[in-house]
Amino acid sequence: KRKKKAKKVFIAIASVACVCAIFLILLKTVIIPKQRINKIKTANVGDIIVFGAYEQDNNTSNGKEDIEWLVLAKEDNKILVISDKALDCKPYNQSRDYVTWETCSLRNWLNNDFINAAFTAEERAMIPTVTVSADMNPEYNTNPGNATKDKVFLLSIVEAEKYFTSDEARKCVPTKYAISNGASTSDSYTKGGKATCLWWLRSPGFDQFIAAYVNYFGPVLRYGRSVGNVSNSVRPAMWITIDG
(Lines give C-alpha, C1' and ligand atoms only; values in the text may rest on other atoms or scores of the structure.)
Protein backbone atom coordinates (compact mmCIF):
# COMPACT_ATOMS: atom_id res chain seq x y z
CA LYS A 1 0.00 0.00 0.00
CA ARG A 2 2.78 2.40 0.88
CA LYS A 3 4.48 1.74 -2.44
CA LYS A 4 1.23 2.33 -4.34
CA LYS A 5 0.60 5.53 -2.40
CA ALA A 6 4.14 6.75 -3.00
CA LYS A 7 3.78 5.95 -6.68
CA LYS A 8 0.53 7.93 -6.90
CA VAL A 9 2.14 10.90 -5.12
CA PHE A 10 5.12 10.73 -7.46
CA ILE A 11 2.86 10.62 -10.52
CA ALA A 12 0.84 13.56 -9.18
CA ILE A 13 3.97 15.63 -8.53
CA ALA A 14 5.41 14.71 -11.92
CA SER A 15 2.15 15.69 -13.62
CA VAL A 16 2.07 19.06 -11.85
CA ALA A 17 5.71 19.65 -12.73
CA CYS A 18 5.01 18.78 -16.35
CA VAL A 19 2.03 21.13 -16.51
CA CYS A 20 4.10 23.91 -14.91
CA ALA A 21 6.92 23.35 -17.41
CA ILE A 22 4.50 23.50 -20.33
CA PHE A 23 2.92 26.66 -18.93
CA LEU A 24 6.33 28.33 -18.53
CA ILE A 25 7.21 27.44 -22.11
CA LEU A 26 3.91 28.85 -23.36
CA LEU A 27 4.37 31.93 -21.19
CA LYS A 28 7.81 32.62 -22.63
CA THR A 29 7.17 31.69 -26.25
CA VAL A 30 3.52 32.64 -26.80
CA ILE A 31 1.78 34.62 -24.05
CA ILE A 32 4.45 37.24 -23.26
CA PRO A 33 5.46 37.81 -26.92
CA LYS A 34 1.79 38.23 -27.85
CA GLN A 35 1.28 40.75 -25.03
CA ARG A 36 4.34 42.67 -26.18
CA ILE A 37 3.19 42.73 -29.79
CA ASN A 38 -0.22 44.03 -28.69
CA LYS A 39 1.51 46.74 -26.64
CA ILE A 40 3.56 47.72 -29.70
CA LYS A 41 0.46 47.90 -31.90
CA THR A 42 -1.34 50.21 -29.46
CA ALA A 43 1.68 52.28 -28.41
CA ASN A 44 1.53 56.06 -28.52
CA VAL A 45 4.25 58.70 -28.62
CA GLY A 46 6.01 58.82 -25.27
CA ASP A 47 5.28 55.19 -24.38
CA ILE A 48 7.95 52.64 -23.53
CA ILE A 49 7.73 49.29 -25.31
CA VAL A 50 9.75 46.08 -25.05
CA PHE A 51 11.19 44.61 -28.24
CA GLY A 52 14.23 42.40 -28.73
CA ALA A 53 16.98 41.60 -26.24
CA TYR A 54 20.61 42.66 -25.81
CA GLU A 55 23.27 42.25 -23.15
CA GLN A 56 22.80 45.10 -20.66
CA ASP A 57 23.69 44.11 -17.09
CA ASN A 58 27.19 42.97 -18.17
CA ASN A 59 26.51 39.50 -16.79
CA THR A 60 26.45 37.14 -19.76
CA SER A 61 25.71 34.12 -17.56
CA ASN A 62 22.05 35.18 -17.16
CA GLY A 63 21.44 35.82 -20.85
CA LYS A 64 20.39 38.97 -22.68
CA GLU A 65 18.02 41.53 -21.18
CA ASP A 66 14.84 42.83 -22.82
CA ILE A 67 15.35 46.13 -24.64
CA GLU A 68 13.08 49.03 -23.74
CA TRP A 69 12.33 51.54 -26.50
CA LEU A 70 10.90 55.05 -26.35
CA VAL A 71 8.25 55.77 -28.99
CA LEU A 72 9.13 59.02 -30.79
CA ALA A 73 6.56 59.09 -33.60
CA LYS A 74 3.63 57.18 -35.06
CA GLU A 75 2.91 57.36 -38.77
CA ASP A 76 0.54 55.21 -40.79
CA ASN A 77 1.38 51.61 -39.88
CA LYS A 78 4.74 52.27 -38.20
CA ILE A 79 6.22 53.66 -35.00
CA LEU A 80 9.63 55.29 -34.69
CA VAL A 81 11.54 54.19 -31.61
CA ILE A 82 14.91 54.83 -29.96
CA SER A 83 16.47 52.75 -27.22
CA ASP A 84 15.54 54.18 -23.84
CA LYS A 85 19.09 53.55 -22.60
CA ALA A 86 22.35 53.71 -24.51
CA LEU A 87 22.97 50.06 -25.35
CA ASP A 88 26.62 50.02 -26.33
CA CYS A 89 29.73 52.12 -26.85
CA LYS A 90 31.28 52.34 -30.32
CA PRO A 91 33.24 54.89 -32.35
CA TYR A 92 31.34 56.53 -35.19
CA ASN A 93 34.05 55.16 -37.41
CA GLN A 94 36.85 52.70 -36.68
CA SER A 95 39.46 55.24 -37.78
CA ARG A 96 39.60 59.02 -37.97
CA ASP A 97 38.84 59.29 -41.68
CA TYR A 98 36.75 61.49 -43.97
CA VAL A 99 33.36 59.82 -43.52
CA THR A 100 29.62 60.34 -43.71
CA TRP A 101 26.80 58.30 -42.21
CA GLU A 102 26.69 56.37 -45.50
CA THR A 103 30.29 55.19 -45.16
CA CYS A 104 30.87 55.00 -41.39
CA SER A 105 31.56 51.72 -39.58
CA LEU A 106 28.83 52.37 -36.98
CA ARG A 107 26.14 52.17 -39.66
CA ASN A 108 27.52 48.82 -40.77
CA TRP A 109 27.63 47.53 -37.18
CA LEU A 110 24.02 48.56 -36.47
CA ASN A 111 22.64 46.93 -39.61
CA ASN A 112 24.60 43.71 -39.27
CA ASP A 113 26.05 42.82 -35.87
CA PHE A 114 23.54 44.64 -33.68
CA ILE A 115 20.34 43.76 -35.51
CA ASN A 116 21.25 40.07 -35.64
CA ALA A 117 22.28 39.99 -31.98
CA ALA A 118 19.24 41.87 -30.67
CA PHE A 119 16.31 40.44 -32.65
CA THR A 120 14.87 37.11 -33.70
CA ALA A 121 14.02 36.42 -37.34
CA GLU A 122 10.36 37.17 -36.56
CA GLU A 123 11.29 40.48 -34.92
CA ARG A 124 13.62 41.48 -37.76
CA ALA A 125 10.70 40.94 -40.15
CA MET A 126 8.85 43.70 -38.28
CA ILE A 127 11.68 46.21 -38.85
CA PRO A 128 11.28 47.73 -42.32
CA THR A 129 14.08 49.02 -44.47
CA VAL A 130 13.53 52.77 -44.74
CA THR A 131 15.14 55.71 -46.48
CA VAL A 132 17.36 57.51 -43.97
CA SER A 133 17.79 61.11 -45.03
CA ALA A 134 21.19 62.75 -45.33
CA ASP A 135 20.34 65.75 -43.15
CA MET A 136 22.65 68.75 -43.29
CA ASN A 137 24.17 70.12 -40.12
CA PRO A 138 22.04 73.25 -39.52
CA GLU A 139 25.10 75.22 -38.43
CA TYR A 140 27.97 74.01 -40.61
CA ASN A 141 28.12 73.43 -44.36
CA THR A 142 29.52 69.91 -44.04
CA ASN A 143 28.80 67.21 -46.62
CA PRO A 144 26.19 64.83 -45.11
CA GLY A 145 26.70 62.23 -47.83
CA ASN A 146 23.83 60.44 -49.54
CA ALA A 147 20.53 59.14 -48.20
CA THR A 148 20.74 55.48 -47.23
CA LYS A 149 18.48 52.44 -46.97
CA ASP A 150 18.67 51.09 -43.43
CA LYS A 151 16.75 49.12 -40.86
CA VAL A 152 18.62 50.57 -37.88
CA PHE A 153 20.12 54.05 -37.74
CA LEU A 154 21.01 57.00 -35.52
CA LEU A 155 18.94 60.14 -35.22
CA SER A 156 20.14 63.23 -37.05
CA ILE A 157 20.55 66.65 -35.44
CA VAL A 158 17.21 67.71 -36.95
CA GLU A 159 15.45 64.62 -35.60
CA ALA A 160 17.02 64.82 -32.13
CA GLU A 161 15.80 68.41 -31.82
CA LYS A 162 12.40 67.58 -33.29
CA TYR A 163 11.45 64.48 -31.33
CA PHE A 164 12.93 65.55 -27.98
CA THR A 165 11.51 68.85 -26.83
CA SER A 166 14.13 69.65 -24.20
CA ASP A 167 17.69 68.96 -23.08
CA GLU A 168 16.30 67.10 -20.09
CA ALA A 169 14.38 64.73 -22.38
CA ARG A 170 17.54 63.99 -24.39
CA LYS A 171 19.60 63.01 -21.31
CA CYS A 172 20.41 59.32 -21.46
CA VAL A 173 21.76 56.67 -19.09
CA PRO A 174 24.03 53.92 -20.49
CA THR A 175 23.70 50.26 -19.58
CA LYS A 176 26.36 48.55 -17.47
CA TYR A 177 27.41 46.73 -20.62
CA ALA A 178 27.94 50.01 -22.49
CA ILE A 179 29.99 51.33 -19.57
CA SER A 180 32.10 48.18 -19.58
CA ASN A 181 32.82 48.86 -23.26
CA GLY A 182 34.11 52.35 -22.51
CA ALA A 183 31.04 54.62 -22.35
CA SER A 184 31.89 57.93 -20.72
CA THR A 185 29.56 59.06 -17.93
CA SER A 186 29.28 62.16 -15.75
CA ASP A 187 28.15 62.06 -12.14
CA SER A 188 27.51 65.80 -12.44
CA TYR A 189 24.48 65.06 -14.59
CA THR A 190 21.99 62.34 -13.79
CA LYS A 191 18.67 60.90 -14.91
CA GLY A 192 16.69 58.81 -12.48
CA GLY A 193 19.60 59.03 -10.07
CA LYS A 194 22.07 57.50 -12.56
CA ALA A 195 24.98 59.16 -14.38
CA THR A 196 24.28 60.16 -17.98
CA CYS A 197 26.37 59.65 -21.11
CA LEU A 198 27.29 61.14 -24.48
CA TRP A 199 25.49 59.61 -27.48
CA TRP A 200 26.14 59.82 -31.20
CA LEU A 201 23.95 61.39 -33.88
CA ARG A 202 24.39 60.52 -37.55
CA SER A 203 24.86 64.12 -38.76
CA PRO A 204 28.32 65.44 -39.60
CA GLY A 205 29.90 67.97 -37.28
CA PHE A 206 32.19 70.89 -38.07
CA ASP A 207 34.02 68.86 -40.73
CA GLN A 208 34.07 65.35 -42.19
CA PHE A 209 36.29 64.01 -39.42
CA ILE A 210 33.74 64.94 -36.76
CA ALA A 211 30.19 63.74 -36.01
CA ALA A 212 27.49 65.47 -33.97
CA TYR A 213 26.37 64.09 -30.62
CA VAL A 214 24.26 64.76 -27.52
CA ASN A 215 26.07 65.92 -24.38
CA TYR A 216 25.72 64.57 -20.83
CA PHE A 217 23.10 67.15 -19.88
CA GLY A 218 21.08 66.90 -23.08
CA PRO A 219 22.04 69.62 -25.56
CA VAL A 220 22.86 68.70 -29.16
CA LEU A 221 26.48 69.58 -29.85
CA ARG A 222 26.48 70.48 -33.52
CA TYR A 223 30.25 71.09 -33.67
CA GLY A 224 30.70 67.41 -32.90
CA ARG A 225 33.45 65.09 -31.78
CA SER A 226 36.12 63.07 -33.60
CA VAL A 227 34.53 60.13 -35.43
CA GLY A 228 37.21 57.87 -33.95
CA ASN A 229 36.28 58.71 -30.37
CA VAL A 230 35.75 55.51 -28.39
CA SER A 231 33.75 56.82 -25.40
CA ASN A 232 30.49 57.91 -27.03
CA SER A 233 27.46 55.67 -26.49
CA VAL A 234 25.02 54.32 -29.06
CA ARG A 235 21.22 54.68 -29.00
CA PRO A 236 19.86 52.72 -31.98
CA ALA A 237 16.71 54.02 -33.64
CA MET A 238 14.36 52.28 -36.08
CA TRP A 239 10.84 51.99 -37.35
CA ILE A 240 8.65 49.04 -36.34
CA THR A 241 5.71 47.90 -38.46
CA ILE A 242 2.61 47.64 -36.28
CA ASP A 243 0.23 45.80 -38.61
CA GLY A 244 0.43 42.34 -40.08
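Below you will find a few notes about this structure. (Residues numbered from 1 in each chain as written. Predicted model: local features only at pLDDT ≥ 70, side-chain atom pairs only at ≥ 80, totals over all residues. Heavy atoms only, no water.)

1. Some details on unusual backbone geometry
Selection criterion: Only DSSP runs of H or I with at least four residues qualify as helices, and only runs of E with at least two residues qualify as strands; both kinds are numbered from the N terminus onward.
Even without being glycine, Asn58 reaches a positive phi, approximately 65°. Along the chain, the position of Asn58 falls in the loop between strand E1 (48–54) and strand E2 (65–75). Even without being a glycine, Asp76 presents a positive backbone phi close to 50°.

2. Structural notes on the pattern of salt bridges
What counts is decided by this rule: By definition here, a salt bridge exists when the distance from a side-chain nitrogen of Lys or Arg to a carboxyl oxygen of Asp or Glu is within 4 Å.
According to the stated counting rule, one finds seven salt bridges in the structure shown. The salt bridge involving Arg222 is made with Glu139; its shortest N-O contact spans 4.0 Å. Taken as a pair, Arg222 in strand E12 (residues 220–226) and Glu139 in the loop between strand E5 (130–132) and strand E6 (148–150) lie far apart in primary sequence, 83 residues in all. The residue Glu159 makes a salt bridge to Arg202 at a minimum N-O spacing of 2.8 Å. Of this pair, Glu159 sits in helix H4 (residues 157–163) while Arg202 is found in strand E10 (residues 199–204), placing the two residues 43 residues apart along the sequence. Residues joined in a network through salt bridges with shared partners are Asp135, Glu159 and Arg202.

3. Notes on helix H2 (residues 105–118)
Quick note on the threshold: Expected helix span is given by 1.5 Å per residue-to-residue step, counting one fewer step than there are residues. A residue's bend is simply the angle between two axes: one fitted to the seven residues ending at it, one to the seven starting at it. Under the scheme applied here, a residue whose accessible area is under 20% of the maximum for its type counts as buried, over 50% as exposed, and between as partly exposed, the area being computed with a 1.4 Å probe on protein chains only.
When the terminal C-alpha atoms of H2 are compared, their 18 Å separation across 14 residues agrees well with the 20 Å that a helix rising 1.5 Å per residue should span. Largest kink in H2: about 30°, centred on Asn111. Those residues of H2 that fall on the buried side of the exposure criterion are Leu106, Arg107, Trp109, Leu110, Phe114, Ile115 and Ala118.

4. A short note on the pairing of E2
Inclusion rule: Two strands are said to pair when DSSP picks up at least two bridges between them.
Pairing of E1 with E2 involves five bridges; the strand directions are antiparallel. Bridge pairing in E2 links Val50 to Glu68. Two elements, E2 and strand E3 (residues 78–83), share six bridges in a ladder whose sense is antiparallel. If you follow Ala73 over to E3, its bridge partner there is Leu80. Hairpin geometry of E2 and E3 is characterised by an intervening segment of two residues between the two adjacent antiparallel strands and by a positive phi of about 50° at Asp76.

Purely geometric stuff here, so don't read any function into it on its own.
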